[in-house]
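# Coordinate inspection notes
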There are 2 protein chains.
Amino acid sequence: MLFCNRQINSRSRYNEVVIRRCHLPEGHDGACNEYPFLRHLKSVAPNVAQKIIRDSTMTTGAAWKSDDAGPNRILRWVMKLPDEELSKFELNMANLKPGVISKLREKAADYDSCIEVATKLTWLAYQMNNSPISPDDITEYLEEIHGKFIISSTVCEICKLPMNFADFRLAKRGKAEIETCHKNPRIHNAENIGFAHRECNIAQGAKTLDEFYAWIEGILARR
Amino acid sequence: MLFCNRQINSRSRYNEVVIRRCHLPEGHDGACNEYPFLRHLKSVAPNVAQKIIRDSTMTTGAAWKSDDAGPNRILRWVMKLPDEELSKFELNMANLKPGVISKLREKAADYDSCIEVATKLTWLAYQMNNSPISPDDITEYLEEIHGKFIISSTVCEICKLPMNFADFRLAKRGKAEIETCHKNPRIHNAENIGFAHRECNIAQGAKTLDEFYAWIEGILARR
């Protein structure tokens, strides 16, 4: 799909270094929109729409924010900037622990990849059991990028059991029962991401999905 | 083994309701001692000795302490007391969330079980690769309770790979690489506990070990 790609002004402090753009189709009518594919979810399931934006565009950090733990959430593409640029935004990488720096840096992703991840997650969400029905224009938009909808076909990337849209609402200790997962935890793009049950994502940990499967095979063989 | 069982005065605020006792053999010489089997580890690996005492006797709670999250560490046998008794110790169970209450209550264990867990963990630690060598009197003491030492025989309860005593020192984000685990998370006794790698323990989560194995079998079958 060819996007409009006109610049959208955001209130982000990083506005000068990274431009946000319109992802309506080229030559669209009406106002520009960064996430037009989320218009419907924003209205019927705003927490899910917000989760998709957050997981697509933000690094995940510690639940708290400190020099020790690093910033808790930061735009993934900002993590592509060199230390000197980041210091202009009051983010002094030299003050962070090496482990925190490498965790943040490995979550860096360019803006286009983040948007593509957001479209993929939206596409997957609409194919869960009990998902709201996507309006035709959004279905068409998402199908052009990621392929035909197959109702109820979204499975947990890890355990391969069907996922239920209603589980976005379930929460244990403040954590959503559905999480965004990465087949390879160090790559943030549409091919590599999907949804997973929280317990599956926790079990996978820092391993790639292939490493996880090999690991549990070994456990069962030795049991 | 018949223990001395004389009362030991502790500084614990729960002293009046639960008595701590001496676990030297009946008729021993010298001063009484609640954890005589940890004498050697306290000297050569004090962090391991402290971990064994903590994991054997304390509930694990949130890393923080609040009315919302509950007390972060409390003696397991204190959790056997009724709400009225607990309120005398400034612990108002009625103020805690139901989920926190049930988590705390399911970690309750009687004092003798906790001591037996401590002897089992000590027995297992001495049978890890690279463990310090146990003095004869402690070997004899532990073997009488849990059976003959087999050097380097201690495996992770979950993945069944050999455990290395040196891994007690490794830590990721402040967490020890070796954790105490429960085959059934709701039962705290010598038969049900052991050591596990942190990543294995996290993967098992709230499941019993049998449930965990069945779960990963299912994942591999569907993959």
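Residues numbered from 1 in each chain as written. Chains lettered and ligands numbered in written order. Predicted model: local features only at pLDDT ≥ 70, side-chain atom pairs only at ≥ 80, totals over all residues. Heavy atoms only, no water.

## Examining the overall build of chain A
When helices and strands are counted, chain A shows 8 helices and 6 strands. Secondary structure elements in chain A, listed N-terminal to C-terminal, are β-β-α-α-α-α-α-α-β-β-β-β-α-α. A total of 223 residues make up chain A; the buried ones form 49% of that total. Across chain A, the fraction of contacts at a sequence separation of at least 24, relative to all contacts at a separation of at least 6, is 54%. Of the roughly 11300 Å² of accessible surface on chain A, 50% is carried by carbon and sulfur atoms. (Helix = DSSP H or I, 4+ residues; strand = E, 2+ residues; numbered from the N terminus. Buried < 20%, exposed > 50% of the residue type's maximum accessible area, 1.4 Å probe, protein only. Contact = heavy atoms within 4.5 Å. Areas by Shrake-Rupley, 256 points an atom, 1.4 Å probe, with all protein chains shown as cover.)

## Quick word on the interface of chain B and chain A
On the side of chain A, 20 residues touch chain B, which itself brings 20 residues to the contact. Interface area, chain B with chain A, both sides summed: about 1900 Å², of which 69% is carbon and sulfur. Summed over the shared surface of chain B and chain A, the number is 4 salt bridges. Put simply, K207 of chain B and E199 of chain A hold a salt bridge, and the shortest N to O gap is 2.5 Å. Joining chain B to chain A, the criterion identifies 6 residue pairs in polar contact (both at pLDDT 80 or more). Put simply, the parts of the chain that give the side of chain B that touches chain A at least two residues each are α7 (198–204) and α8 (209–222) of chain B. Examining the composition of the side of chain B that touches chain A, we find that 8 residues originate from one element, α8 of chain B, more than from any other. Grouping the constituent residues of the side of chain B that touches chain A by class yields 12 nonpolar, no polar and 8 charged. (Buried area = accessible area lost by both parts, 1.4 Å probe. Salt bridge = Lys/Arg side-chain N within 4 Å of Asp/Glu carboxyl O. Polar contact = N/O pair within 3.5 Å; in protein donor to acceptor, adjacent residues only side chain to side chain. Nonpolar A, V, L, I, M, F, W, Y, C, P; charged D, E, K, R; others polar.)

## Observations regarding the state of the cysteines
Under the definition given, this model contains 0 disulfides over all chains. The cysteine C22 of chain A is free of any disulfide, with C4 of chain A supplying the nearest cysteine sulfur at 3.7 Å. (Disulfide = S-S within 2.5 Å.)

## Here we look at the relation of the copies chain B and chain A
In this structure, two copies of a chain are linked by a rotation about an axis accompanied by a shift along it. Least-squares fitting of chain B to chain A yields an RMSD of 0.0 Å, with the superposition described by an axial translation of 0.0 Å and a rotation of 180 degrees. Between the two chains, the operation in question is that of a two-fold axis. Relative to the rotation axis, the C-alpha of A203 of chain B is the closest in chain B, positioned 2.0 Å from it. Most of the interface of chain B is mirrored in chain A, where 100% of its interface residues are also at the interface. (Least-squares fit on C-alpha atoms with pLDDT ≥ 70 in both.)

## Examining the packing of aromatic side chains
All names here are of chain A. The full count for this structure, using the stated rule, is 18 aromatic pairs over all chains. A ring pair is formed by W77 and Y111, whose centres lie 4.8 Å apart and whose planes are at 85 degrees; its orientation type is edge-to-face. With a gap of 34 residues between them, W77 in the loop between α2 (46–57) and α3 (83–87) and Y111 in helix α5 (residues 111–125) connect regions that are remote in the sequence. Across the pair, Y111 and W77 agree in class, each one buried. Members of the aromatic cluster, connected to one another through ring pairs, are F3, Y35, F37 and Y141. Above the face of the W215 ring, K207 is positioned so that its terminal group lies 3.8 Å from the ring centre. (Phe/Tyr/Trp six-rings, centres within 6.5 Å; stacked < 30°, edge-to-face > 60°. Lys NZ or Arg CZ within 6 Å of the ring centre and 35° of its normal.)

## Quick look at the environment of P46 of chain A
All names here are of chain A. Note that P46 resides in helix α2. Take P46: its relative accessible area is 45%, and that puts it in the partly exposed class. Taking the C-alpha atoms as reference points, P46 and Y141, separated by 95 residues in sequence, lie 20 Å from one another.

## Some remarks on the pairing of strand β6 (residues 193–197) of chain B
With respect to burial, β6 of chain B is a largely interior element, 5 of its 5 residues being buried. Burial along β6 of chain B is two-sided: I193, F195 and H197 of chain B facing one way and G194 and A196 of chain B facing the other are all buried.

## Structural notes on the pattern of salt bridges
All names here are of chain B. Inspection of every chain in the model, using the stated rule, returns 22 salt bridges over all chains. We note a salt bridge from K51 to D55, for which the minimum N-O separation is 2.8 Å. Here K51 pairs with D55, and both are found in helix α2 (residues 46–57), just 4 residues apart, close to one helical turn. Its relative accessible area of 10% is what places D55 among the buried residues.

## Some thoughts on the confidence of the model for chain A
Mean pLDDT over chain A works out to 90, with 90% of the residues at or above the 70 mark. With a pTM of 0.89, the predicted complex shows an ipTM of 0.88. (pLDDT = per-residue confidence, 0-100.)

## Digging into the packing of helix α8 (residues 209–222) of chain A against α8 of chain B
Packing of α8 of chain A against α8 of chain B leaves a shortest axis separation of 10 Å and a crossing angle of 130 degrees. The orientation of α8 of chain A with respect to α8 of chain B, classified from their angle, is oblique. Handedness of the α8 of chain A/α8 of chain B crossing: left-handed. Facing F212, Y213, I216, E217, I219 and L220 of chain A of α8 of chain A, the residues of α8 of chain B in contact are F212, Y213, I216, E217, I219 and L220 of chain B. Looking at side-chain class alone, the contact of α8 of chain A with α8 of chain B contains 10 nonpolar, no polar and 2 charged residues. (Axes fitted to C-alpha atoms, helices over the stretch in contact; angles between N-to-C directions. Parallel < 35°, antiparallel > 145°, perpendicular 65-115°, else oblique. Left-handed = near helix turned anticlockwise from the far one by under 90°.)

## Regarding the pairing of strand β5 (residues 178–182) of chain A
All names here are of chain A. Within β5, 5 of the 5 residues are buried, which leaves it mostly tucked inside the rest of the structure. Bridge count between β5 and strand β6 (residues 193–197): 5 bridges; the pairing is antiparallel. Across the sheet, the residue bridging to E179 is A196, located in β6. (Pairing = 2+ DSSP bridges.)

## With respect to the side chain of S134 of chain A
All names here are of chain A. Tracing the backbone shows S134 in the loop between α5 and α6 (136–146). For S134, the side chain forms a polar contact with the side chain of T139, separated by 2.9 Å. Dropping the residues within four chain positions of it, S134 is found in contact with H40, Y126, T139 and F149.

## Quick notes on the packing of α2 of chain A against α5 of chain A
Residue and element names in this part refer to chain A. The N-to-C vectors of α2 and α5 enclose an angle of 145 degrees; their axes lie 8 Å apart at closest approach. Where α2 crosses over α5, the two elements pack in a sense that is right-handed. Contacts between α2 and α5 involve I52, D55, S56 and T57 from the first element and C114, V117, A118, L121, T122 and A125 from the second. Each residue belonging to the contact of α2 with α5 can be placed in one class, and the counts come to 6 nonpolar, 3 polar and 1 charged.

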